[in-house]
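# Structure at a glance
Spelled out, the chains give:
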Amino acid sequence: MSATLFVSQSLVDHHSIPPSHPESPLRPLSIETILRQSGLWSDLGHATAVPADTNALLRVHTARYIEQLHLITPKKGTILAAEDTPMASDTLHAATEAAGAGIMAVEAVLRGDYKNAFCAVRPPGHHAEPTKSKGFCFLNNIAIAAQHAIHCMGIKRVCIFDFDVHQCNGTIEALGNNPHVLIVSTFQHPLYPFSHYFNQPANVVNIPLQEGCSSIEYRRHCESKIFNAISQFRPELILVSAGFDAHQDDPLGGLNLIEEDFDWLTRLTKDLAQTYCQGRIISMLEGGYDLEALANSAHAHIRALTGK
Ligand SMILES: [Zn+2]
């Protein structure tokens with residue numbers, strides 16, 4: 001049996017915003033391509049996401065916000081749902097499917113069908129707030145998955161580990177001060193979204209990093225902080241907001257991580273998951289905008305998840 005489930009979306013090209021936008025439909029395709037080329041593809045279990053139902057969305061977002069997303073959806077072309085956050089006619093379907101991927105992965109891992117899972121989905125989610133689209137994000141996929149685990153699967157303690165180069169303002173807005181959740185976030189500071197560094201609920205562990213931070217500095221600075229935070233919380237499930245834009249080649253971030261760092265981060269997370277929650281990890285794609293760096297970094301992450 002495969003240890004790792006790979007969840008894809010039904011159409012590779014939906015959320016069909018212009019390919020010139022950094023959050024391009026080519027992103028998950030680049031991951032799939034490298035997995036096929038390396039042979040890792042056949043070591044994975046595979047599933048296609050189905051859209052999350054409205055109740056699942058309403059555990060994170062307001063009914064009025066969901067209604068607004070339907071109302072503003074363009075019949076053709078794109079509109080801006082927020083600054084630099086284009087929305088096409090098929091965006092909302094893609095977003096509900098991305099959210100549904102996390103739910104599917106949570107259920108598969110908690111049933112014991114797989115040890116862990118990676119959801120290669122877009123649009124990403126961690127900047128989406130309960131009432132706001134933001135930073136290329138519409139629905140907060142990882143927060144919706146966490147709430148599903150808590151409300152429908154009996155999980156009492158979920159850790160969300162976010163290693164995207166940008167801080168997860170949406171996840172903090174949705175789950176800050178939730179006693180069932182710990183949010184551990186490594187991110188470049190100062191950098192977009194500039195909003196939640198000083199607004200720090202008790203269940204959020206911020207690990208800010210200076211522009212130019214190298215592999216060695218990142219590991220030295222983060223290892224004990226990540227380890228201590230997660231060890232103290234003793235999660236029953238670990239969710240990962242896997243943004244690969246802390247890579248040195250990424251056009252939107254200023255950190256200098258390389259592929260091997262994502263392997264290292266994944267093994268650190270796996271060790272903690274093994275100690276506290278039977279290895280259960282669900283990882284969801286967030287950022288990562290240089291296609292080659294994204295593919296290589298996601299490959300290192302997924303390979304580490306499989307234990308190869
Ligand atoms: Zn990012």
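Residues numbered from 1 in each chain as written. Predicted model: local features only at pLDDT ≥ 70, side-chain atom pairs only at ≥ 80, totals over all residues.

### Details of the sheet that holds strand 5 (residues 116-119)
In sheet architecture, strand pairing relies on hydrogen bonds along the backbone and comes in two forms, parallel and antiparallel. Going by this rule: Pairs of strands are assigned from DSSP output, requiring at least two bridges between the strands. Working definition: helices are DSSP H or I runs of at least four residues, strands are E runs of at least two. Numbering for both runs from the N terminus. In this description, a line fitted to the C-alpha atoms serves as the axis of each element, helices being fitted only across the stretch in contact, and the angle between N-to-C directions of two axes falls anywhere from 0 to 180 degrees. Residues are defined as contacting one another if the C-beta atoms placed from their backbone atoms lie within 7 Å.
With respect to topology, 8 strands assemble into an open sheet ordered 2-1-5-10-9-6-7-8, the strand pairing being parallel. At either margin of the open sheet sits one strand with a lone partner, and together these are strand 2 (45-48) and strand 8 (204-209). The sheet shows a mean angle of 15° between the axes of neighbouring strands, direction not considered. Bridge count between strand 5 and strand 10 (residues 281-285): 4 bridges; the pairing is parallel. Across the sheet, the residue bridging to cysteine 119 is methionine 284, located in strand 10. Along the sheet, helix 8 (residues 259-276) makes contact with strand 6 (158-162), strand 9 (237-242) and strand 10, crossing strand 9 at roughly 165°.

### A few points about the packing of helix 1 (residues 26-38) against helix 9 (residues 291-306)
Here is the rule we go by: What sets the label is the angle itself: under 35 degrees gives roughly parallel, over 145 gives roughly antiparallel, 65 to 115 gives roughly perpendicular, and the rest give oblique. The handedness criterion is simple: a crossing whose near helix is rotated anticlockwise from the far helix by less than a right angle is left-handed, and one whose near helix is rotated clockwise is right-handed. Polarity classes work like this: nonpolar for Ala, Val, Leu, Ile, Met, Phe, Trp, Tyr, Cys and Pro, charged for Asp, Glu, Lys and Arg, and polar for all others, with Gly in that last group.
Running from N to C, helix 1 and helix 9 point in directions that differ by 55°, and their axes come no closer than 9 Å. Regarding the angle of helix 1 to helix 9, the classification is oblique. By crossing handedness, the relation of helix 1 to helix 9 is classed as right-handed. Along the contact surface, helix 1 presents Leu26, Arg27, Ser30, Ile31, Thr33, Ile34, Leu35 and Ser38, while helix 9 presents Leu291, Leu294, Ala295, Asn296, Ala298, His299 and Ile302. Looking at the contact of helix 1 with helix 9 residue by residue, the class counts come to 9 nonpolar, 5 polar and 1 charged.

### Focus: unusual backbone geometry
A negative phi holds for most residues other than glycine; trans holds for most peptide bonds. Here the amide bond leading from arginine 122 into proline 123 is cis, since omega sits at 0°, within 30 degrees of zero. Assignment of secondary structure puts proline 123 in the loop between strand 5 and helix 5 (141-152). Residue proline 193 follows tyrosine 192 across a cis peptide bond; omega there is 10°. In this fold, proline 193 is placed in the loop between strand 7 (181-188) and strand 8.

Coordinates in, geometry out; function isn't part of it.
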